[in-house]
Amino acid sequence: MQGNIRGPMHGVPIAVKDQMWTKGIRTTGGSRILADFVPDEDATVIAKLKDAGAVLLGKTNLSEFAITPFSHRFSLPRNPWDLDLSAGGSSSGSGAATAAFLCATSLGEDTGGSIRRPAAWCGLVGMRPTWGLVSRYGLMKGIWSMDTVGPISRSVADAAITLGAIAGHDHKDPYSWNKPVPDYLGALDGDISGVRIGVVSELLHDEVVEPETRDVVQRAIAVLGELGALVEEVSIPLTAHANTVSSILLAAEPAQNQREWVLDRLEDYGHDNRIGLLVGSLMPGVAYLKAQKLRSMLRQQVHETLENYDVLVSPTAGRPAVARQDDPVITSKEMAGRMPYMRTNTFNLSSTPAVSVPCGFNSGSLPIGLQVAGRPGGDATVLKVAHAYEQATSWHTMRPPHA
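Residues numbered from 1 in each chain as written. Predicted model: local features only at pLDDT ≥ 70, side-chain atom pairs only at ≥ 80, totals over all residues. Heavy atoms only, no water.

In the annotation of an unreviewed UniProt entry, the chain is listed under the name Glutamyl-tRNA(Gln) amidotransferase subunit A and assigned to Geodia barretti. Taken directly from UniProt, the Sequence similarities (unreviewed entry) text for the chain runs: "Belongs to the amidase family." (UniProt positions renumbered as here; feature names shortened; annotations may be inferred.)

Laid out in structure tokens, this is it:
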């Protein structure tokens, strides 16, 4: 009112995943090991939000160290669409808080789908930016070559504003891109005529995708065609191995990052992480090497496909939210791979941007997400397509019963 505008997010109340350092404020990473850790500086994304004028309301819960969808060490978040269901992980608290209108927008972190999964299950927009677009200085790490900070918001426009505030080069993060930040909000013009869209057949026509989810997503894809986009199915064969490759990396690298704690404080971890970190500690080097080779091959397939298409689309998850279950005991090989229905890992492994946008509900009134992915650096195009779809439908206006 006084005309002293601090920035594009002046006065906007936000919440951030408790994986990011906040000066003078406890930052636990969702782990009891760091229950009393108080950083003496802000993560770069927190400093950028403050510079943009945002008001930090508080920190949001997450699964332990953001390297498991389970093992919530400080109680278990609830999904505002159904309090008995999961809000997704690992950015579960950010998804729950944003869907419940406890904040205007929030930050999550995405290594294998940890922004897009809560977004899909909580009826929100969740954006995993291009790797390197957003600084990770002051972020507790999982896999250094896949960790990415991004927004969880109630609209694509809100996500674009939030991303614009946190993106940009940071000398404290040598892997951040030294390029100008585009006007993401300005790119949302609603016009996707002639945009080439590839529907990834392996991510859509898979037995882990429930028929209801497939039908909802196919109807959403049809809307994109009605808006003038050129839509056709495309095959990326190695996407079938994306979840396996990601699980190997997510076991091995955190086990190395937290080697001293694994040796000295194993009992302080939740069950799911304890098993995962032990597996990662004992994993043969040849298995890790094979996973990295497969990752390189998959990344090449994705990038080659994107030479012919502007964006790729698929379900975000093969099913809506599952029941709340904290740290279930692993009793079989099948339980060790408990989320085969997630469709997100391909784009983490290929370092490409991807957004989940609400695209409908199942017969149980649970939200379903459409995933839109693009070329590295093509974040504006990804948001543009997601926004055009969003504005042609009313799903983003639906409010959960427990908000």
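So much for the structure itself; the text now carries on.
Enquirer: Sorry if this is basic, but what is going on with the nonpolar core here?
Expert: Burial of nonpolar side chains together is a common tendency in soluble globular proteins. Core analysis: the largest hydrophobic core is formed by 52 residues, its most contacted members being Met20, Val45, Leu49, Leu163 and Leu370. The contacts of Leu370, once residues within four sequence positions are left out, are Val217, Ala220, Ile221, Leu224, Val313, Ser314, Thr316, Val355, Ser356, Val357 and Cys359. Membership of the second largest hydrophobic core comes to 21 residues, among which are Val200, Ile236, Val302 and Phe347. (Core = buried A, V, L, I, M, F, W, Y, C linked by side-chain atoms within 4.5 Å. Buried < 20%, exposed > 50% of the residue type's maximum accessible area, 1.4 Å probe, protein only. Contact = heavy atoms within 4.5 Å.)

Enquirer: Would you mind showing me how to read the packing of aromatic side chains here?
Expert: The description of an aromatic ring pair uses the distance of the two centres, along with the angle that the planes make with each other. What the rule picks out here adds up to ten aromatic pairs. Note on Trp21 and Phe37: the rings are 6.4 Å apart at their centroids and 70° apart in plane angle, and the pair reads as edge-to-face. Separated by 16 residues along the polypeptide, Trp21 in the loop between β1 (13-17) and α1 (44-51) and Phe37 in the loop between β1 and α1 bring together distant segments of the chain. Looking at Phe37, the relative accessible area reads 28%, which means it is partly exposed. Ring pairs connect the aromatic residues Trp21, Phe37 and Tyr137, which therefore count as one cluster. Positioned above the aromatic ring of Phe101, the side-chain terminus of Arg154 is 4.0 Å from the ring centre. Over the face of the ring belonging to Phe101 we find Arg399, whose NZ or CZ atom lies 3.8 Å from the ring centre. (Phe/Tyr/Trp six-rings, centres within 6.5 Å; stacked < 30°, edge-to-face > 60°. Helix = DSSP H or I, 4+ residues; strand = E, 2+ residues; numbered from the N terminus. Lys NZ or Arg CZ within 6 Å of the ring centre and 35° of its normal.)

Enquirer: Explanation requested: helix α7 (residues 242-257) in the structure shown.
Expert: Spacing of three or four residues puts side chains on the same side of an α-helix, whose turn is 3.6 residues. The end-to-end C-alpha separation of α7 is 22 Å, in line with the 22 Å expected for 16 residues at 1.5 Å each. For α7, the elements touching its buried residues are α8 (259-264), α9 (271-282), α10 (285-305) and α12 (345-349). (Expected span 1.5 Å × (residues − 1).)

Enquirer: Looking at this structure, I do not really get the sheet that holds β1. What am I missing?
Expert: The strands that make up a sheet are held in pairs by hydrogen bonds between backbone atoms, and each pair lies either parallel or antiparallel. With mixed pairing, ten strands are arranged side by side in an open sheet as β2-β1-β3-β5-β4-β9-β10-β8-β6-β7. Edge positions in the sheet fall to β2 (55-60) and β7 (230-234), since each has one partner strand and no second. Each adjacent strand pair in this sheet contributes to an overall mean axis angle of 25°, direction not counted. Relative to strand β8 (residues 311-315), strand β6 (residues 196-200) is paired through three bridges, and the arrangement is parallel. Each residue of the ladder has a partner; that of Ile197, found in β8, is Val311. Sitting on the sheet, helix α6 (residues 211-226) is in contact with β6, β7, β8, β9 (354-361) and β10 (367-374), with an inclination near 50° to β10. (Pairing = 2+ DSSP bridges. Axes fitted to C-alpha atoms, helices over the stretch in contact; angles between N-to-C directions.)

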